[in-house]
Amino acid sequence: MTAWLLPLLAGGVTGVLSAFGIGGGSLLLIYLTSFAALDQHQAQGINLLYFLPTAATALPAHIKNGYVDKKTAMPAILAGLAGTAAAAWVATTLDVHLLRRFFGAFLIYIGVRELFRRPRA
């Protein structure tokens, strides 16, 4: 009866973090693979689908407040499109266990980097 409660909470919390630009999608992947016991490929697909409406609802506020530099965004978007197409093809061909290890190593790298990063002057 309450099987929907944990996914609802996970979606809500990661949605708030996504709106802040913190990377709620990465946290959603951790939830989906570790707690919802989904396969990495399926979790990535859900995460991509999840990202579309959450980004669409947060983007207008960021544009309104002047937080989107269109000169910087356009080259990043174009490079991102090419990169995601290539990476999606590679990710779907990789073994799930190897993909999970790559994702775990990426999270550890980011975590250690953030832990020891010095604040800008």
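Residues numbered from 1 in each chain as written. Predicted model: local features only at pLDDT ≥ 70, side-chain atom pairs only at ≥ 80, totals over all residues. Heavy atoms only, no water.

Draft legend 1. Up close: the packing of helix 3 (residues 40-64) against helix 5 (residues 96-116). The interhelical angle for the contact between helix 3 and helix 5, taken along N-to-C directions, is 55 degrees, at an axis separation of 9 Å. Classified by the interaxial angle, the pair formed by helix 3 and helix 5 is oblique. On the side of helix 3, the interface is formed by Gln40, His41 and Gln44, while helix 5 contributes Val96, Leu99, Arg100 and Phe103. Considering only residue class, the contact of helix 3 with helix 5 consists of three nonpolar, three polar and one charged. (Axes fitted to C-alpha atoms, helices over the stretch in contact; angles between N-to-C directions. Helix = DSSP H or I, 4+ residues; strand = E, 2+ residues; numbered from the N terminus. Parallel < 35°, antiparallel > 145°, perpendicular 65-115°, else oblique. Contact = heavy atoms within 4.5 Å. Nonpolar A, V, L, I, M, F, W, Y, C, P; charged D, E, K, R; others polar.)

Draft legend 2. The arrangement of helix 4 (residues 70-93) in detail. Between its first and last C-alpha, helix 4 extends 34 Å over 24 residues, near the 34 Å set by a 1.5 Å rise per residue. Among the 24 residues of helix 4, one are classified as buried, and the element is accordingly described as predominantly exposed. (Expected span 1.5 Å × (residues − 1). Buried < 20%, exposed > 50% of the residue type's maximum accessible area, 1.4 Å probe, protein only.)

Draft legend 3. Layout of the packing of aromatic side chains. If you walk through the whole model with that rule in mind, you get one aromatic pair. Here the aromatic rings of Tyr31 and Phe35 are separated by 6.4 Å at their centres, their planes lie at 20 degrees, and the arrangement is stacked. Taken together, the residues span about one helical turn, with Tyr31 and Phe35 both in helix 2 (residues 24-35) at a distance of four residues. With a relative accessible area of 64%, Phe35 lands in the exposed category. (Phe/Tyr/Trp six-rings, centres within 6.5 Å; stacked < 30°, edge-to-face > 60°.)

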